[in-house]
Amino acid sequence: MAPAALASVVNAYNKLAAFNVENLFVRKREPGPQRTIFINENLPLDYHDHKGRVKPEHVYCTNQVITSKYTILTFLPRNLLEQFRRVANVFFLGIAILQFFPKFSTISPGLVILPLLIVLGITALKDGYEDVKRHQSDRQVNHTPIRILSGGGWVNPNTTGNKSRTFVRGLIPTRNRAHAKKGQLVNDSSKAPDTQSIGTEQTQVDNPEHEYDDVHEHEHGHHLFGHHEHPSRAHWRHGIWEDIRVGDFVKIKDHESLPADILICATSEDENVAFVETKNLDGETNLKSRNACPALTHLRSAADCADIRNRYRIEADRPDVNMYKLNAALVLDSKDPTEREKGTGGETHPIDMQMTLLRGTVLRNTRWVIGIVMYTGEDTRIVMNSGGTPSKRSKVERQMNPQVFINLIILAIMATVCGIVDSVLEHQEYPRSAPWLYNDNLSDDNPSINGLVTWAFALITFQNIVPISLYISIEFVRTCQAAFIYFDSEICYDKTGQATLARSWNLSDDLGQIEYIFSDKTGTLTQNSMIFRQCSIAGKVYRGDPDTDADAEAPPATTAVESKIVLDSKIDAKSSSSSSSTAAREDTNNKKRMSIPDPINLPAPRGAHRFACDSLSDDLVSAAHTSDPDPARARALHGFFSVLALCHTVLTGTNSETGALEYKAQSPDEAALVQAAADVGYVFRGRDVDVIPEAEYEAWSERYHAATVAMDKRDEQIEAVSDELEHDLRLLGATAIEDRLQEGVPEAIEDLKRAGIKVWVATGDKLETAIAIGHSTNLIGRDSNIIVIRGSNDGRPVYQQMVHAAEEFFPEADLLSDEAMNRPSFTAPRASTSSRTDDIQYPLRRIETGLSSIVGSNNGDRPGGFVLVIDGAALEHALSDDENKRLLLSLAIQCQGVICCRVSPLQKALIVRLVKNGLGAMTLAIGDGANDVSMIQSADVGVGISGEEGLQAVNSADYAIAQFRFLKRLLLVHGHWSYARNGNMILNFFYKNVVCIGVLWWFQIYCAWSANYVFEYTYLIFWNSFWTIAPVIAIGIFDRIVDAHVLMDLPELYRYGREGRWFGLKWFSMYMLDGVVQSAIIFFLILYTYVSISSRSDGWQVTLYEFSTTMVISTTIVANLFNGLNTTAWTGWVFFAVLIGIVLILLYTVVYAAISPGWFVTTMWGYNHYLWPSAYFWLCLPLTVCLALAPRYISKAWKFGFAPDDIDIMRYIRKMEPERDLTKEAYIARTSCARPLARPPSSRRTSRTSFTSELQARPSIDLRNASRTDMSTGMRSVHRGFDFSTEEGGVAMQRMQTNLSERRASDRNLASATDQNTRSNRRHGTLGHIFSTRRGFLRKKPAPAEDR
């Protein structure tokens, strides 16, 4: 075949394999239109068409969000299309249709198609069950109660489209709908008659159907006969989320989730501020403050909102995925009637994201918020950043399709050969009046047409070469593997009793092939719980007890300090260091508010961790007395903790259950600082005191406002006004705060890195926080080099930063060449990527930049490799086009890890797709919030952590775990086992069918290629059902390549799965060849044994079924024992599975041959008389079994004895020395043999010894700290931890961006590794250097002299 033709065939197959069923059923909806939302105004005339209907571009989507895949109408066609992506299903459908024609019928056509229907039905039931769970989750969200403005003449003129009919809605029993009227929050039946029922998931409440803003209205809104005496009175109707429309007024109360993207009109707090928890968006549990639109703050009740005099419109951009930007404006209606009719005039007020509450956020510390719905459903930010539910297929299943296709080609060749040879022989024998060709001169029965008929019969005869039972067996095995994961107590969270759950059963083998892990930070790696560990005051360090928790008793020294310092209302402004606390104040003028407990009488708050230090307690007690010998230290202590307790934005609240004081902060850092102050006695109980006189503050506030709106020199004016308060400052001390990690996270990441898995972290946190977490989680080592790429307007462009990084740190990789930018690795097979990048080592080199006096000069010399840190603004440019993507990917794969900070949910998904599609690597994404859903769905395997951020991630994930540390066992043990089991099972499945079909094929030589069966037909029917099914199922369920503790102790063994060692075309070819050879041994040895000299004592010739029954029994024994030979863990179940098929076929033969024609006619009746007494039968069975199994047995024995791999060595050690401590030996070997990561050899070669000695001779280099290079500024420095001055927008960072943005040349001293093509490195990547065994380690040792 010509290369061009071959390429076209390959392209056609790739397109067919890449066909996505979702494209047929899921419409790619474009973002909604740019909108103008009208409030108390009619829609303009140009919004309607000539028929008076609203034009489609002005119809907004509903607030209904559906994450399920199927509906009651699309389930059958979509599921069938998904299943018929399997080539084997298409083939068997064709075979079944063929046998419906009488000429090709072998048995009843209904029985022929029954196995296919069973396979399709079981798979459809599994898929349907999984999707019903998604529908139930969607229904629970869409039917969440909400208060919607109604009555008072209010009409929402904005138009919303129709809601979708879902799968579950039509299946809700009528009896459940009747209960919806009894105390449940329901929507107005006149608005949405199809959604009256809210099912059993709705929460029972005591509120009536209508809710009023004050007690007076509430009392007058009801009377003896009901509560509709004043139906026109403006009130809040209890509805559900999916009924909300664009332009609706809604009222949200404390601790309720936001149903849509809402513009804030008014809140219950002073200055109309609202506090929200955004953990579902950015993963952060700290509170964020939002402000109402200043022009709408008078809308504080339902009556105000419905007042026709409040006429205005909101002009907003079309929906966008950017969660931090909003361009909109509020246009008030002009008071001039003429201008009002023209739609002109009126005031315009800007609207930004600070005035908006996004769907998915939760209202906190705010009693209520009234807002206007701007974006609903699929137009909301959080939904637009989430993708649709994908139809995932495992890598093994994708690899199976080409193998099935190869078998189909072999089947077509076999059928074609039979058809051609049969036609040729008939043409030769018919003129000779062959009796079997009598009357073969008809139009449908002649030598020419019979060749085509034989071709079709051959397809039916050899159809088992493509096993239909393989798919149902895989589904059964994967279900069992999911059960094993669920019942594994090692990955069950004892605190909550939550087990690991497999939500998608068909991806278990993918867990054993992961190359890249993409992880969220907050809630996934960390608990988002800041712990106050240490502080330094006046030069003295106070270290807290690391084991102190909230249950410990409070230190006795704090009691006396607490009442004096914190609760005294006469705090000196100077001693408190000019506190500017912005805690929300209670509206004392509002007499209708419920009374709030006196904060002075509330017990002090206690966090999850309490800071306690004996020496600090003693110093505080001393400082509280006037006789303190060190008054300067006393002032420092008092000032330090006074600042911690007062200078913050923390809010105070009361726990409804315990009555204790609670702290709510926008930042967990602030909460930790205030809690630490409370722990030592400086308890903040709310804003009781104005440190600055109110008149002075009002005057300063006016000057500050004037500076913020100034057009000229705005920054200088703001700085000058701020200096009026921020002056005469002195350093009181320093704090050390730890972001508490989840249990076992550093160890899990370290072991995953040892397994060869690249870990990328994608988080919404700022850059410095992300780097700090990278250090604490072992993602960034102490000797790592950090490359920082930032997207800023002041520094280098992002593309130039990436180019500069490639030239600076990886010149030998030649990342900028045309070949590298378009290298085949971007579309190469997945297994090749990891092996190529993991085997390459890069030498380190020194860089002289001329900036050593400022930032140090040791970048690139660290022996721990490189870690890339890139922010969301830089990613926006790097992912903008293919050239930037290729460069980013080339740079990233050279690094040991990547941290992406300040990224949006959509960017998380784009990063996953970049690696998944660019490298073809197996990816896993793990997260715990709604902001991780798109990333989870984009990866090959999605894992959700059911933590504090809800179940959004879990509902969209393939696996649900309780802790990140469980991911290690899920991958290294269950993933590795599942992949090895499934790969081995599939290969043995193909083999056992080939050995059977091979015997049928060799028989064609002796039956004139007529496609006849050598076996009795029932033996073929039961071949995959009874005779040989048990051993392969046992392999998939019970096989164990090595014990679990070995896989956990030695993560390096995971590379066998990561590199695809257990399944592939090479193994497929070997097993197919084994089947062909064994079938030839069985057929020819038994055939010539029986036909040479008759086995009968009377001398008559044997019949067909006499020797073919011996063949089928021998083939069954060989196939089952061969499967057992390929099993590494022989348990009682494996013995049973191997023997049960052999026992069944022997019993079946005895019973089937004993059935007399009086019962029903069989072709085997009477063969018991000839078969069992025959010496040939008992001689052929052991002879054929031994000869057939000998090649595989000898090869396995030679490999295990003379060329063992790591798995073989570990199995041998486990068997012979079970007490051996593998973890300890592996650790010692790693530490003694550890060497720095090196680059590929370059033209200049230097020894590693000289490089190490050079590092030791340079005192400026501290190997305990990682170096860092900011490519945006050129700054090179030793990373010493977090510094507020270098965070985004900090003073130091601004100075760097101003003065160091130019590109600086530097001299290079390139160092390279020594030649690694040595004997010790030939087995690179193995564990031979850790657990060495001599070549003949299985040889029997000589007995001691005293035993001879």
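Just above, that's the structure.
Residues numbered from 1 in each chain as written. Predicted model: local features only at pLDDT ≥ 70, side-chain atom pairs only at ≥ 80, totals over all residues. Heavy atoms only, no water.

Visitor: Looking at this structure, how should I read the packing of helix H12 (residues 395–429) against helix H14 (residues 469–486)?
Guide: The description of two packed helices rests on the angle between their axes and on the distance between the axes. In contact at an axis separation of 13 Å, H12 and H14 are set at 165 degrees when each is read in the N-to-C sense. With respect to their mutual orientation, H12 and H14 come out roughly antiparallel. Note on packing geometry: the crossing formed by H12 with H14 is right-handed. Seen from H12, the contacting residues are Glu397, Met400, Asn401 and Val404; seen from H14, they are Leu470, Tyr471, Ile474 and Arg478. Tallied by class, the residues present in the contact of H12 with H14 amount to five nonpolar, one polar and two charged. (Axes fitted to C-alpha atoms, helices over the stretch in contact; angles between N-to-C directions. Helix = DSSP H or I, 4+ residues; strand = E, 2+ residues; numbered from the N terminus. Parallel < 35°, antiparallel > 145°, perpendicular 65-115°, else oblique. Left-handed = near helix turned anticlockwise from the far one by under 90°. Contact = heavy atoms within 4.5 Å. Nonpolar A, V, L, I, M, F, W, Y, C, P; charged D, E, K, R; others polar.)

Visitor: Just to check I follow, could you spell out a negative patch on the surface for this structure?
Guide: A cluster of acidic side chains, namely Asp715, Glu716, Glu719, Asp723 and Glu726, defines a negative patch on the protein surface. Following the sequence through the fold, glutamate 726 ends up in the loop between helix H20 (714–723) and strand S23 (733–741). (Patch = residues over 30% accessible without salt bridge, like charges linked within 9 Å, V, L, I, M, F, W, Y side chains within 5 Å. Areas by Shrake-Rupley, 256 points an atom, 1.4 Å probe, with all protein chains shown as cover. Salt bridge = Lys/Arg side-chain N within 4 Å of Asp/Glu carboxyl O. Lys, Arg positive; Asp, Glu negative; His and termini not counted. Charge placed at Lys NZ, Arg CZ, Asp CG, Glu CD.)

Visitor: Please clarify how the pattern of salt bridges should be interpreted in this entry.
Guide: Two side chains of opposite charge can pair, provided their charged atoms sit close to one another. Taken as a whole, this structure holds 39 salt bridges when the rule is applied. Linking arginine 1040 and aspartate 1043 is a salt bridge whose minimum nitrogen-to-oxygen distance equals 3.3 Å. By relative accessible area, which is 19% here, aspartate 1043 ends up buried. Close ionic contact of aspartate 1208 with arginine 1211 constitutes a salt bridge, the shortest N to O distance being 2.8 Å. Residue aspartate 1208 and its partner arginine 1211 are located together in helix H43 (residues 1206–1216), separated by three residues, close to a single helical turn. Look at aspartate 1208 and you get buried, because its relative accessible area is 5%. Judged by its relative accessible area of 25%, arginine 1211 falls in the partly exposed class. Here the salt bridges share partners, and the residues they tie into one network are Arg147, Glu211, Lys253 and Glu256. (Buried < 20%, exposed > 50% of the residue type's maximum accessible area, 1.4 Å probe, protein only.)

Visitor: Help me understand helix H40 (residues 1132–1154), please; the structure alone is not making it clear to me.
Guide: Residues three or four positions apart in an α-helix share a direction because the helix packs 3.6 residues into each turn. The terminal C-alpha atoms of H40 lie 32 Å apart, and with 23 residues this matches the ideal 33 Å at 1.5 Å per residue to within 8%. Among the residues of H40, Val1134, Ala1137, Val1138, Gly1141, Ile1142, Ile1145, Tyr1148, Thr1149, Tyr1152 and Ala1153 are the ones counted as buried. Contacts made by the buried residues of H40 are with helix H33 (1017–1021), helix H34 (1023–1027), helix H35 (1029–1038), helix H39 (1104–1125) and helix H41 (1168–1171). (Expected span 1.5 Å × (residues − 1).)

Visitor: Would you explain the nonpolar core in this entry?
Guide: Soluble globular proteins tend to bury their nonpolar side chains together. Judged by nonpolar contacts, the single largest core of 98 residues is most densely connected at Phe462, Ile986, Phe1015 and Met1111. Take this core: its biggest share by element is 15 residues, from helix H32 (residues 966–1003). Sequence-distant contacts of isoleucine 986, defined by excluding residues within four places in its chain, comprise Val396, Met400, Leu470, Ile474 and Phe1063. If you look at the next biggest cluster of nonpolar residues, it comprises 44 residues, including Tyr493, Ala502, Leu767 and Leu972. (Core = buried A, V, L, I, M, F, W, Y, C linked by side-chain atoms within 4.5 Å.)

Visitor: Explain the sheet that holds strand S19 (residues 526–537) to me, please; I cannot follow it from the model alone.
Guide: Consider a sheet: its strands pair through backbone hydrogen bonds, and that pairing is either parallel or antiparallel. Pairing within the open sheet is antiparallel, and its three strands lie in the order S20-S19-S23. Of all the strands in the sheet, just strand S20 (540–543) and S23 have a single pairing partner and so form its edges. Here the average twist between neighbouring strands, direction ignored, is 30 degrees. Note that S19 and S20 share four bridges and pair antiparallel. Considered in S20, the bridge of cysteine 535 is made with tyrosine 542. Along the sheet face, helix H18 (residues 668–679) touches S19 and S23 and points at about 50 degrees away from the line of S19. (Pairing = 2+ DSSP bridges.)

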